[in-house]
Amino acid sequence: MPTDPLGRFLAALDPEHREAVGSRPREEQERLAAAWERELEADDELDTLDELSPPAAEAEAARRVLERHTD
């Protein structure tokens, strides 16, 4: 399991989105990973989900970030 933010973010994505994000420039990938970390830290609903299922919380945060930051 990856421990760096970008690796964790990519792991939280479904395979289709992981491939799409993986093909983007590294700088953009890191920007999305930083937004993902902020989403995990800031959203109280994700805190509750994280207690029940950390992978589900990470996947939901990744989905939200992609919705907001996909052109």
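Residues numbered from 1 in each chain as written. Predicted model: local features only at pLDDT ≥ 70, side-chain atom pairs only at ≥ 80, totals over all residues. Heavy atoms only, no water.

### Regarding the packing of helix 1 (residues 5–12) against helix 3 (residues 26–42)
Part 1 of the argument: Where helix 1 meets helix 3, the closest approach of the two axes is 9 Å, and the angle between their N-to-C directions is 80°. Classed by the angle they form, the pair helix 1 and helix 3 counts as roughly perpendicular. In this structure, helix 1 contributes Pro5, Leu6, Arg8, Phe9, Leu10 and Ala12 to the contact, and helix 3 contributes Arg26, Gln29, Glu30, Leu32, Ala33, Trp36, Glu37 and Leu40.
Part 2 of the argument: Looking at side-chain class alone, the contact of helix 1 with helix 3 contains nine nonpolar, one polar and four charged residues. (Axes fitted to C-alpha atoms, helices over the stretch in contact; angles between N-to-C directions. Helix = DSSP H or I, 4+ residues; strand = E, 2+ residues; numbered from the N terminus. Parallel < 35°, antiparallel > 145°, perpendicular 65-115°, else oblique. Contact = heavy atoms within 4.5 Å. Nonpolar A, V, L, I, M, F, W, Y, C, P; charged D, E, K, R; others polar.)

### Section: the nonpolar core
Part 1 of the argument: Ranked by internal contacts, the top residues of the largest apolar core, which has 17 residues, are Phe9, Leu13, Val21 and Trp36.
Part 2 of the argument: For this core, the secondary structure elements donating two or more residues are helix 1, helix 3 and helix 5 (54–69). (Core = buried A, V, L, I, M, F, W, Y, C linked by side-chain atoms within 4.5 Å. Buried < 20%, exposed > 50% of the residue type's maximum accessible area, 1.4 Å probe, protein only.)

### Considering the packing of aromatic side chains
Part 1 of the argument: Across all of its chains, the model carries one aromatic pair by this definition.
Part 2 of the argument: Here phenylalanine 9 and tryptophan 36 contribute two aromatic rings whose centre-to-centre distance is 5.8 Å and whose plane-to-plane angle is 55°, an arrangement assigned as tilted. With phenylalanine 9 in helix 1 and tryptophan 36 in helix 3, the pair connects residues that are 27 residues apart, well separated along the chain. (Phe/Tyr/Trp six-rings, centres within 6.5 Å; stacked < 30°, edge-to-face > 60°.)

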